[in-house]
Amino acid sequence: MARPALRLLAIPLAIAALLGAPQALAREAAAAGQSTESTYRLPPPELQAIVDAPQAPQMTLSPRRDLLAFVETPALPGIDVVAQPELRLAGTRINPRTYSQSRFSFGTGLSIKPVDGGAERPVQGLPQPLALASMAWSPDQRHIAFSHVDNRAGAVELWLVDVEALSARRLTSQPLNAVAGRGFTWMPDAQRLLVQLRPAGQGGPPQDEGIPTGPNIQETGPGGEVTQLRTYQDLLANEHDAQVFEHYLRSQTALVALDGSVTPLGAPDLFLGVSPSPDGRLLLSQRIERPFSYVVPYWSFPRRIEVRDSADGSVVHQVAALPLVEGLPVGRDAVATGVRRIDWRADAPATLVWAEAQDGGDPAVEAEVRDSVFVHAAPFEGEPVKLIDLGYRFRNATWGNGGLALIDEFWWRDRQTRQWRIAPDHPERAPELLFDRSSEDRYNDPGSPVTVADEAGNARLMISPDGNGLYLAGQGASPEGDRPFVDRFDLATKETTRLFHSQPPYLERPAALLDDAGTRLLLTRESPVEPTNVYVLDLTDDAREPVALTGFPHPTPQLRDVSKEQIRYKRADGVDLTATLYLPAGYDAERDGPLPTLMWAYPREFRSADAASQVVGSPHAFNRISYWGPLGFLARGWAVLDGPTMPIVGEGDAEPNDTYVEQLVASARAAVDEVVRRGVADPDRIAIGGHSYGAFMTANLLAHSDLFRAGIARSGAYNRTLTPFGFQAEERNYWDAKDTYLTMSPFHNAELINEPILFIHGEDDNNSGTFPMQSERMFAAIKGLGGQARLVMLPAESHGYRARESILHMLYETDAWLEQHVKQSPAAWPANNP
């Protein structure tokens, strides 16, 4: 089978938990006298083909920027895999057999290819079948470490690849604990790995005899303080849950040498993370402590932050003991007090850096300084040094050297962001403002600083050879669509020199500058009919074409010739809107007439109408037809309007959601009018659909407009009183904005929905706010009011569906609903609202 188009996805990969096989489950069920007849259904063959299209490889670049590693990914897992037991504790989901996060994406092959040309060669000696969970190059590039999930043994194993020999071997027999992370990281010397192991002799988890030992009690504080508390899922429910959570989270920190020898560091504990200092002498550890909570996830539990000696794991410095956080002040800019976002300074031997709120973490408090950033160098004597005061919240730091670092701050309420240049070794020097802009303004985004791995493996600013310039890479949003770029930024003049700019008819995305002088660029190139491939471009020769490194074929060649157009149109209030219109291959409007049309959207909030009017996406992007969005229905003869912008704008003191319904309907009407004007859409046969907040949108549009014949609502929330402390961009709680919450909730307007609506939801949805009960109660309301609806609950599925059977059944239900209620429906249709 030919390899499909490349996907540039993040490494590490998610951990897969494959336990058992469908044949074994069937035998067990048969032995128990249970029926194994499946009620999963298959969609038409043209949709099945999209589901079973080969998955694209994933790519990562080596530290010296001269080798590429490709990770092969398999087809979708079966329901027998996805339905394996998992623990849902303290806001996380755990595979109890492998002591890892319960996830299902993994690699099945690993190969390496030189950037300067040469054959792609597979790594030999990999475990079979390979289930590669995550991987990391060593700082010296001689090795790749990766974790492999051995499902039969119930363990996450640590493996090592010799890059020159292209051979792999298991490094240690003691399994990793990957509940709170991937379980390993390289030490700066590239000779050892810092790992979290399952403690030796740990034994099994605490057993529950099923007999309560008493009531489970919660109590508020003395009162008087208003806080916001999100509607989290998978929380601890009792003391037994807490004990089981402790068992699976507990890990042993250790060092593993390249010969496989293991050196334990200290005692096992409830570690959330351990990271080495750039010089390798110290470790920064974070571990949680009692008391736990039944209302917030583990990341809000009490936390102890310490510095340890990397030789023996002993604590050499106590940084902070953070209390339990059960709620924050109102507002998206609210943060907890105390040490926050702590890390090592990448360009110093052993210096900690962190932020602390100076306004009590409360955005409602008037304050010139919101956050301060501090540094403290080993041996941590004296007081921490203040690096910079910020008027917004600290977002991140990007380190270059003692005379150059970048500090980013952000204020969500106003969507404002600023970037400062500082000299970290000279805190007495005043910070220099580089950029001050709206984060919503994509057209004027200067790009993000380019980084490169240093000798210790840490990301550092890529600085031009003369020491006077940085490199910036960005999406290049414009009225013509995204045109990614790379600039050289002069630190003295603050002027930019464009080194690369994507040109039509391609969409070219920079992946990495291959030298510090910025003369060679690794990029990906695609067009609507050409899948993503990897190229090297010589930036010193404007006439030179990029050299292809890969030649991945089209993953769905049967849909190669579908047409795509990025269209622009206006809302009645003058806001410019954008959508991508797809039409079946060979379609001719004059000859074939208007088509049944599927619109698929997701509303977003803006503080500026100008920002809401900006074009999103590129007309030159590859027509990637997947099972998840609406594009597969091109194969069924539908026109598809993908991503019509549905901006909800609130300028000045206005709250966007106070006019949510009016703006939503106006955006949808403008989209419908445009495709009807073009003659491609039959106004009597248009469906609307969306996932999550898009499902919420779908139900609202059916309740408040006559624009659509039917709706598809996947994994949505429909009653905002069940998310009373905010949702999406809404900062106010229900009691401060009752009218808005009720008006926006389609559950409270269910009597207005008289078009058919299909609800699909994962039975085990763990997304905050989209409890499965939301779809169940919405369906019950429509049924009780005499409306037409169908509810499909997918077993063992979360917010995004993972099993092949679930995906196929989702498409079956969607196709059948659209065929019955839209494509084959009569021309006459009762009006929804007078």
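Criteria and cut-off values
- Residues numbered from 1 in each chain as written.
- Predicted model: local features only at pLDDT ≥ 70, side-chain atom pairs only at ≥ 80, totals over all residues.
- Heavy atoms only, no water.
- Helix = DSSP H or I, 4+ residues; strand = E, 2+ residues; numbered from the N terminus.
- Rg over C-alpha atoms; globule rule 2.2 N^0.38 Å.
- Buried < 20%, exposed > 50% of the residue type's maximum accessible area, 1.4 Å probe, protein only.
- Contact = heavy atoms within 4.5 Å.
- Lys, Arg positive; Asp, Glu negative; His and termini not counted.
- Charge placed at Lys NZ, Arg CZ, Asp CG, Glu CD.
- Phe/Tyr/Trp six-rings, centres within 6.5 Å; stacked < 30°, edge-to-face > 60°.
- Lys NZ or Arg CZ within 6 Å of the ring centre and 35° of its normal.
- Core = buried A, V, L, I, M, F, W, Y, C linked by side-chain atoms within 4.5 Å.
- Pairing = 2+ DSSP bridges.
- Polar contact = N/O pair within 3.5 Å; in protein donor to acceptor, adjacent residues only side chain to side chain.
- Salt bridge = Lys/Arg side-chain N within 4 Å of Asp/Glu carboxyl O.
- Axes fitted to C-alpha atoms, helices over the stretch in contact; angles between N-to-C directions.
- Expected span 1.5 Å × (residues − 1).
- Parallel < 35°, antiparallel > 145°, perpendicular 65-115°, else oblique.
- Nonpolar A, V, L, I, M, F, W, Y, C, P; charged D, E, K, R; others polar.

With respect to the overall build of the chain
Within the chain, the secondary structure is distributed over eleven helices and 47 strands. Taken over C-alpha atoms, the radius of gyration comes to 27 Å for the chain, in line with the 28 Å a tight globule of 834 residues would show. Principal axes of the C-alpha set define a box for the chain whose edges measure 80 × 75 × 60 Å. Counting every position in the chain, which comprises 834 residues, the buried fraction comes to 56%. A fraction of 61% describes how many contacts in the chain between residues 6 or more apart in sequence connect residues 24 or more apart. Positive and negative side-chain charges of the chain, numbering 76 and 106 respectively, have mean locations separated by a distance of 3 Å.

Some words on the packing of aromatic side chains
Tallied over the full model, the rule gives 22 aromatic pairs. Relative to Trp159, the ring of Phe146 lies with its centre 6.1 Å away and its plane at 20°, an arrangement referred to as stacked. Taken together, the residues Phe146 in strand 9 (residues 143-150) and Trp159 in strand 10 (residues 155-162) connect sequence positions 13 residues apart. Trp159 sits in the buried class, given a relative accessible area of 11%. Ring centres of Tyr660 and Tyr693 lie 6.5 Å apart, and the angle between their planes is 50°; this geometry places the pair in the tilted category. Placement of the pair is Tyr660 in helix 7 (residues 660-677) and Tyr693 in helix 8 (residues 693-704), with a sequence separation of 33 residues. No difference in accessibility class separates Tyr660 from Tyr693, as the two residues are buried. Among the aromatic side chains, those forming a connected cluster through ring pairs are Tyr232, Phe245, Phe292, Tyr298, Trp299 and Phe301. The side chain of Arg182 reaches across the aromatic face of Phe184, ending 4.7 Å from its centre.

Digging into the nonpolar core
Met599, Leu641, Tyr660, Met697, Leu701, Phe708 and Ile757 are the most contacted members of the largest nonpolar core, which totals 56 residues. Look past the residues within four positions of Tyr660 in its chain and what remains in contact with it is Pro603, Ile648, Tyr693, Phe696, Met697, Asn700 and Met744. Trp638, Ala687, Ile807 and Leu811 belong to the second largest nonpolar core, which has 31 residues in total.

Considerations on the pairing of strand 33 (residues 496-501)
Strand direction decides the pairing type here: strand 32 (residues 485-490) and strand 33, joined by five bridges, are antiparallel. Bridging from a neighbouring strand, Arg488 pairs with Thr497 of strand 33. Linkage of strand 32 to strand 33, two consecutive antiparallel strands, is achieved through a turn of five residues, within which Lys494 is found at a positive phi near 65°.

Thoughts on the sheet that holds strand 32
If you walk across this open sheet you meet the four strands as 28-31-32-33, and the pairing is antiparallel. Of all the strands in the sheet, the pair left with one neighbour each is strand 28 (448-449) and strand 33.

Describing the side chain of Asp454
Structurally, Asp454 is set in the loop between strand 29 (451-453) and strand 30 (459-461). Residue class for Asp454 comes out buried when judged on its relative accessible area of 17%. Here the side chain of Asp454 touches Asn458 through a polar contact of 2.8 Å, landing on its backbone nitrogen. A polar contact of 2.9 Å, which involves the side chain of Asp454, links it to the side chain of Arg460. Residues within four places of Asp454 in sequence aside, it is in contact with Ala346 and Arg460.

Quick word on the pattern of salt bridges
With the rule as written, the count across this model stands at 55 salt bridges. The partner of Glu674 in a salt bridge is Arg678, with the nearest N and O atoms 2.8 Å apart. Relative accessible area serves as the criterion here: at 28%, Arg678 is assigned to the partly exposed category. Each of Asp269, Arg287, Glu289, Arg304, Glu306 and Arg308 takes part in salt bridges that share partners, so that together they form one network.

Considering the environment of Asp466
Relative to the helices and strands, Asp466 resides in the loop between strand 30 and strand 31 (469-474). Measuring from C-alpha to C-alpha, the distance between Asp466 and Leu577 comes to 44 Å, with 111 residues separating the pair along the chain. Here Ser464 takes part through its side chain, which lies 2.6 Å from a polar atom of the side chain of Asp466. In terms of polar contacts, Asp466 uses its side chain to reach the backbone amide nitrogen of Asn468, at 2.9 Å.

Some details on the sheet that holds strand 24 (residues 393-401)
The four strands lie next to each other as 24-25-26-27, forming an open sheet whose pairing is antiparallel. Of all strands in the sheet, those bounded by a partner on one side alone are strand 24 and strand 27 (432-438). Across the sheet, the axes of successive neighbouring strands diverge by a mean angle of 15°, strand direction being ignored.

Quick look at unusual backbone geometry
What you tend to see is this: most non-glycine residues have negative phi, and most peptide bonds are trans. The omega torsion of the bond from Gln128 to Pro129 falls at -10°, within 30 degrees of zero and hence cis. By the secondary structure assignment, Pro129 is in the loop between strand 7 (121-122) and strand 8 (132-137). Look at the link from Ala378 to Pro379: it is a cis peptide, with omega at 10°. Following the sequence through the fold, Pro379 ends up in the loop between strand 22 (371-377) and strand 23 (385-390). A positive phi angle, close to 55°, is found at Arg341, a residue other than glycine. By secondary structure assignment, the location of Arg341 is in strand 20 (residues 340-344).

Things to note about the environment of Gly118
In this structure, Gly118 sits in the loop between strand 6 (109-114) and strand 7. Sequence separation of Gly118 and Leu549 is 431 residues, and the distance between their C-alpha atoms is 8.7 Å.

Digging into helix 8
For helix 8, built from twelve residues, the straight-helix expectation of 16 Å at 1.5 Å per residue is met to within 8% by its first-to-last C-alpha distance of 16 Å. In terms of residue burial, helix 8 counts as a mostly covered element, since eleven of its twelve residues are buried. Residues Tyr693, Gly694, Ala695, Phe696, Met697, Thr698, Ala699, Asn700, Leu701, Leu702 and Ala703 constitute the buried set of helix 8. Where helix 8 is buried, its residues contact strand 41 (604-606), helix 7, strand 44 (681-691), strand 45 (710-714), helix 9 (738-744) and strand 46 (757-762).

Notes on the packing of helix 7 against helix 8
Each pair of packed helices gets described by two things: the angle between the helix axes and the distance between those axes. The geometry of helix 7 relative to helix 8 is characterised by a closest axis approach of 10 Å and an angle of 85° between their N-to-C directions. In this view, helix 7 runs roughly perpendicular relative to helix 8, as classed from their interaxial angle. Of the residues in helix 8, those touching helix 7 at Tyr660, Val661, Leu664, Val665 and Ala668 are Tyr693, Phe696, Met697, Asn700, Leu701 and His704. Its residues placed into classes, the contact of helix 7 with helix 8 shows nine nonpolar, two polar and no charged.

Description of the pairing of strand 26 (residues 416-422)
Along strand 26, five of the seven residues are buried, which leaves the element largely enclosed by surrounding structure. Inspection of the sheet shows strand 25 (residues 404-411) paired to strand 26 by seven bridges, in the antiparallel sense. Along strand 26, the bridge assignment pairs Trp411 with Gln416. If you look at the hairpin formed by strand 25 and strand 26, you'll find four residues sitting between the two strands, and Arg415 has a positive phi there, around 60°. The pairing of strand 26 with strand 27 spans six bridges and is classified as antiparallel. When the bridges of strand 27 are listed, Arg421 appears paired with Glu432.

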